[in-house]
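Letter by letter, the chains look like this.
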Amino acid sequence: MEIKISREKFLKSISRVQSITERKTNMPILSNVLLTAVGTNLIISATDLELQFQETISTETIREGSLTISGRKLFEILKECKNETFHIQAKENNWVFISDGTAQFDLASLTADEFPSFIEPEEVTTIDVEGKIISEMISKTSYAVTLEEAGFKLSGVFTETTEVNGNHFFKMVATDGHRLSLIEKSIPDVELLNLNNGVMIPKKGLSELNKLASEGGVVQIGFKDKNCVIKKDAVILVIRLLETKFPDYRAIIPDTAKSSIKLKRSSLLESMRRMLILSNERYRAVKITLDEGFLELVSTNPDIGEAQEKIPVEYREERLEMGFNPRYFVETLQSMESEDILLGFIDNSKPCTLKGESDLGFLGLIMPMRL
């Protein structure tokens, strides 16, 4: 294989696969990208066996063929060499020559025959979704996915379609057992995805989808054969779904809040960040006291000291004292956009809910802690 290619579009494509190519793996080929020159196109492929990425860009093909090369080293070369045109040529014994006309590199590689085949499910029904909508839904749920290795059932975002009064919604839900985030959006033709039973999309796959979606424009999304298929422009992303059953999240969502207060999102976010200053793995609870005219936050760490802060609120009901992890508030509030938010409480054993007028379809839920 031998090609000449524009640095700008090549660098953009190779940068997209940096978090897909495996750096520490028992299969060295997974740290490589596969380059295939066919006609006037270069097909760039990367996989970690759970994610498959493929993008087609235009090139000047001197000789058709395939080669693999370290995804990380190729990215570093393209980033540091500033000339506009790159010359890439396969040499004998799986060596690859790369030059921008000034610098040149000879890199050891692996045969293209070792690279896993790209398998795209056939006849997938897809719908068009605005990238900014998908990006918002991912940003408002993925932070709540569990990071614990033992929490496989919760290690992705539960995705389903629902119908309410004849209106169809695309819904994403994530939880780590201590907090939950949920968002639903009305999207045209979403019922065609046939997700009534729901699927689990792994967090890493959603991260890659979010990168594409955040670029703007329309994203095509579909589901088939335990895969999520994403298409955008010349990019195809295939995400293997998790084979696990998500818990019944509806059972823990309160029907109504007994007490509800309105306050500035920025004010509560800044206060919770200050409460985090004294927290550690052992002492990580903030005591929230809701009393007439104010919401009080107290963070206590016997090894360091105590932090205390009051926020004026309109509240005239009975006194409530509850304990929560302030980090959960910070992460939820950071994902929201509303200037004013509503906090809902029932009692000190029930979850706190967070909503905002500018965060349509979103619900944040945080379980209390024992003080």
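1. What about helix α6 (residues 326-335)?
No. 1: Across the ten residues that make up α6, a large majority, seven, are buried.
No. 2: Taken as a whole, α6 has its buried residues at Pro 326, Tyr 328, Phe 329, Val 330, Thr 332, Leu 333 and Ser 335.
No. 3: Where α6 begins, the side chain of Asn 325 points an oxygen toward the backbone nitrogen of Arg 327, at a separation of 2.9 Å.

2. Focus: the sheet that holds strand β20 (residues 294-301)
No. 1: In spatial order, the strands read β21-β20-β19-β22; together these four strands make up an open sheet with antiparallel pairing. Looking at the sheet topology across the chains shown, the edges are occupied by β21 (305-312) and β22 (320-324). In this sheet, adjacent strand axes meet at a mean angle of 20° when their direction is disregarded.
No. 2: Sheet analysis places β20 next to β21, joined by eight bridges and oriented antiparallel. Its bridge partner being in β21, Asn 301 is matched across the sheet by Gly 305.
No. 3: Where helix α5 (residues 265-276) meets the sheet, it contacts β19 (286-291), β20 and β21, and its direction lies at approximately 170° from that of β21.

3. Description of the environment of Pro 202
No. 1: Considering the arrangement of structural elements, one finds Pro 202 in strand β14 (residues 199-202).
No. 2: Given the relative accessible area of 15%, Pro 202 is considered buried.
No. 3: Along the primary structure Pro 202 and Leu 154 are separated by 48 residues, whereas in three dimensions their C-alpha atoms are 9.3 Å apart.
No. 4: Setting aside residues no more than four positions away along its own chain, Pro 202 makes contact with Ser 155, Gly 156, Ile 239, Arg 240, Leu 241 and Leu 242.

4. Things to note about the sheet that holds strand β15 (residues 218-224)
No. 1: With respect to topology, eight strands assemble into an open sheet ordered β6-β2-β3-β4-β17-β16-β15-β10, the strand pairing being antiparallel. Each edge of the open sheet carries a strand with a single partner, namely β6 (65-70) and β10 (126-130). The mean inter-strand angle of the sheet, taken between neighbouring strand axes irrespective of direction, is 20°.
No. 2: Summarising the sheet, strand β3 (residues 41-47) and strand β4 (residues 51-58) pair through seven bridges and their orientation is antiparallel. For Ile 43, the partnering residue across the bridge sits in β4 and is Thr 56.

Procedures and definitions
- Residues numbered from 1 in each chain as written.
- Predicted model: local features only at pLDDT ≥ 70, side-chain atom pairs only at ≥ 80, totals over all residues.
- Heavy atoms only, no water.
- Buried < 20%, exposed > 50% of the residue type's maximum accessible area, 1.4 Å probe, protein only.
- Helix = DSSP H or I, 4+ residues; strand = E, 2+ residues; numbered from the N terminus.
- Polar contact = N/O pair within 3.5 Å; in protein donor to acceptor, adjacent residues only side chain to side chain.
- Pairing = 2+ DSSP bridges.
- Axes fitted to C-alpha atoms, helices over the stretch in contact; angles between N-to-C directions.
- Contact = heavy atoms within 4.5 Å.

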